[in-house]
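Examination of the molecular architecture
Below, each chain spelled out in residue letters.
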Amino acid sequence: QVQLVESGGGLVQPGGSLRLSCAASGFTFSNYHMNWYRQAPGKEREFVVGITSAGGITNYANSVKGRFTISRDNAKNTVYLQMNSLKPEDTAVYLCNAVRARGIESNAYWGQGTQVTVSS
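An account of the accompanying structure is given in this report. If you're wondering where the values come from, they're calculated on a predicted model, not measured in any experiment. Residue numbers run consecutively from 1 along every chain, following the written order of its sequence. Local features are withheld for residues below a pLDDT of 70 in this predicted model, meaning they are given only at 70 or higher, and side-chain atom pairs are given and counted only at 80 or more; totals for whole chains, interfaces and linings count all residues. Based on all heavy atoms of the structure, the side-chain values leave hydrogens and waters out of the count.

1. Here we look at the overall build of the protein
Numbering of helices and strands starts at the N terminus; helices are DSSP runs of H or I of at least 4 residues and strands are runs of E of at least 2. Assigned secondary structure in the protein consists of 0 helices and 11 strands. When the helices and strands of the protein are placed in sequence order, the string is β-β-β-β-β-β-β-β-β-β-β. With the radius of gyration taken over C-alpha atoms, the globule rule is written as 2.2 Å times the number of residues to the power 0.38. Radius of gyration (C-alpha) of the protein: 14 Å, near the 14 Å computed for a compact globule of 120 residues. The C-alpha extent of the protein, read off along each of the three principal axes, is 45 × 25 × 25 Å.

2. Overview of the sheet that holds strand 8 (residues 78-83)
Think of it this way: DSSP has to see at least two bridges between two strands before they count as a pair. A sheet is described by the order of its strands in space; here 4 strands give the open sequence 1-3-8-7, paired in antiparallel fashion. The open sheet has two free edges, formed respectively by strand 1 (3-7) and strand 7 (68-73), since each of these has just one partner strand. Across this sheet, the average inter-strand angle for adjacent strands is 15°, counted without regard to direction. With 6 bridges joining them, strand 7 and strand 8 adopt antiparallel strand pairing. Within the sheet, the bridge partner assigned to aspartate 73 lies in strand 8 and is threonine 78. Lines are fitted to the C-alpha atoms to define the axes, a helix being fitted only along its stretch in contact, and any angle between axes, read from their N-to-C directions, falls within 0 to 180 degrees.

3. Here's the deal with the pattern of salt bridges
Any Lys or Arg side-chain nitrogen located within 4 Å of an Asp or Glu carboxyl oxygen qualifies as a salt bridge. Evaluation of the coordinates by the stated rule reveals 3 salt bridges. With a shortest N-O distance of 2.9 Å, arginine 38 and aspartate 90 are connected by a salt bridge. Taken together, the positions of arginine 38 in strand 4 (residues 32-39) and aspartate 90 in the loop between strand 8 and strand 9 (92-100) put the pair 52 residues apart, joining distant regions of the chain. Just as arginine 38 is buried, aspartate 90 falls in that class too. Aspartate 90 serves as the salt-bridge partner of arginine 67, at 2.7 Å between the closest nitrogen and oxygen. Of this pair, arginine 67 sits in the loop between strand 6 (58-60) and strand 7 while aspartate 90 sits in the loop between strand 8 and strand 9, placing them 23 residues apart in sequence. We note that arginine 67, like aspartate 90, is buried. One continuous salt-bridge network, built from bridges that share partners, spans Arg38, Glu46, Arg67 and Asp90. Exposure categories follow from relative accessible area, calculated using a 1.4 Å probe and restricted to protein chains: below 20% of the type maximum is buried, above 50% is exposed, and the middle band is partly exposed.

4. Quick word on the environment of glycine 103
Relative to the helices and strands, glycine 103 resides in the loop between strand 9 and strand 10 (108-110). The spatial distance from the C-alpha of glycine 103 to the C-alpha of valine 116 is 33 Å, given a sequence separation of 13 residues.

Nothing here speaks to function; it is geometry throughout.
And the structure:
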């Protein structure tokens, strides 16, 4: 059974930090690029950051560049999102996304999301 399970969300004050994790199971994690998306109430889902299957290349949305850092540990089947200098506009549900880079498994998977609220 394929699972992407996000954790680490919560309530944080502006300027604070959070570290999100996304634990994958049921598919070959190292064959997949991994992305974080977010969706705020009443808004469309937006791309936040992605990392290639081997971790060599990352791509950040301009809105988070310099504040967020994505990393992955293929031995632990986990991708991380370190979020610093958080702003109220970062408030959203953060979703983990896997996109197949090679192999013959399914094209993409999504997690259920973890809520991040930035408020004083």
